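Summary of structural features
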Amino acid sequence: MGKFATNTIVVSTDGNKPTTKQLVKRSFSRWIPFDALSFLGTNGKGWHDSIAKCYVVKADKFNEKKNEILQLEQIGLIGETS
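The following refers to the structure shown.

Structurally, Thr 8 can be placed in strand E1 (residues 8-12). Separated by 2.8 Å, the side chains of Thr 8 and Thr 6 make a polar contact. Excluding residues that lie within four positions of it along the chain, Thr 8 makes contacts with Lys 3, Val 56, Val 57, Lys 58 and Ala 59.

Structure (structure tokens):
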């Protein structure tokens, strides 16, 4: 519900959807005492995201950038035949 309300999504460090293993790690890592204090560090990233190797990003901005990259990749394929 929180991700829906804030229009954010969780992505893996490579930009893809997180694996089931990453989501399980992320969920169980929230039980670490003082996890909330991990946001006070220099990168402002929670331990539950660091351990799972994930990021929380704004969905609309992420999808916009992802589409731009996909369009650029398509330009490189012009003229190629399979």
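Bringing helix H2 (residues 20-29) into the picture now. Since one α-helical turn is 3.6 residues long, residues separated by three or four positions face the same way. Considered for burial, the residues of H2 that qualify are Gln 22, Arg 26 and Ser 29. For H2, the buried positions fall inside an angular range of 70° around the axis, keeping them on one side. Turned more than 90 degrees away from the buried face of H2, the exposed residues are Thr 20, Lys 21 and Phe 28. Each element contacted by the buried residues of H2 is listed here: helix H1 (2-6), E1, helix H3 (47-52) and strand E2 (54-58).

As a further point, take unusual backbone geometry. At Asn 7, a position not held by glycine, the phi torsion is positive, near 55°. With respect to the element layout, Asn 7 can be found in the loop between H1 and E1. Asn 7 sits in the partly exposed class, given a relative accessible area of 36%. Positioned with a positive phi, Lys 53 is a non-glycine residue whose angle comes to about 55°. Position of Lys 53 relative to the elements: it lies in the loop between H3 and E2.

We now examine the pattern of salt bridges. Two side chains carrying opposite charge are able to pair once their charged atoms lie near each other. Following the criterion strictly, the structure yields one salt bridge and no others. Of the charged contacts, one joins Asp 49 and Arg 26 as a salt bridge, the two residues approaching to 2.5 Å between their closest N and O atoms. A residue pair is termed long-range when its members are at least 10 positions apart, and Asp 49 in helix H3 and Arg 26 in helix H2 qualify at 23 residues. Using a relative accessible area of 5% as the deciding quantity, one classes Asp 49 as buried. By relative accessible area, which is 9% here, Arg 26 ends up buried.

Criteria and cut-off values
Residues numbered from 1 in each chain as written. Predicted model: local features only at pLDDT ≥ 70, side-chain atom pairs only at ≥ 80, totals over all residues. Heavy atoms only, no water. Helix = DSSP H or I, 4+ residues; strand = E, 2+ residues; numbered from the N terminus. Polar contact = N/O pair within 3.5 Å; in protein donor to acceptor, adjacent residues only side chain to side chain. Contact = heavy atoms within 4.5 Å. Buried < 20%, exposed > 50% of the residue type's maximum accessible area, 1.4 Å probe, protein only. Arc of directions from axis to C-beta. Salt bridge = Lys/Arg side-chain N within 4 Å of Asp/Glu carboxyl O.

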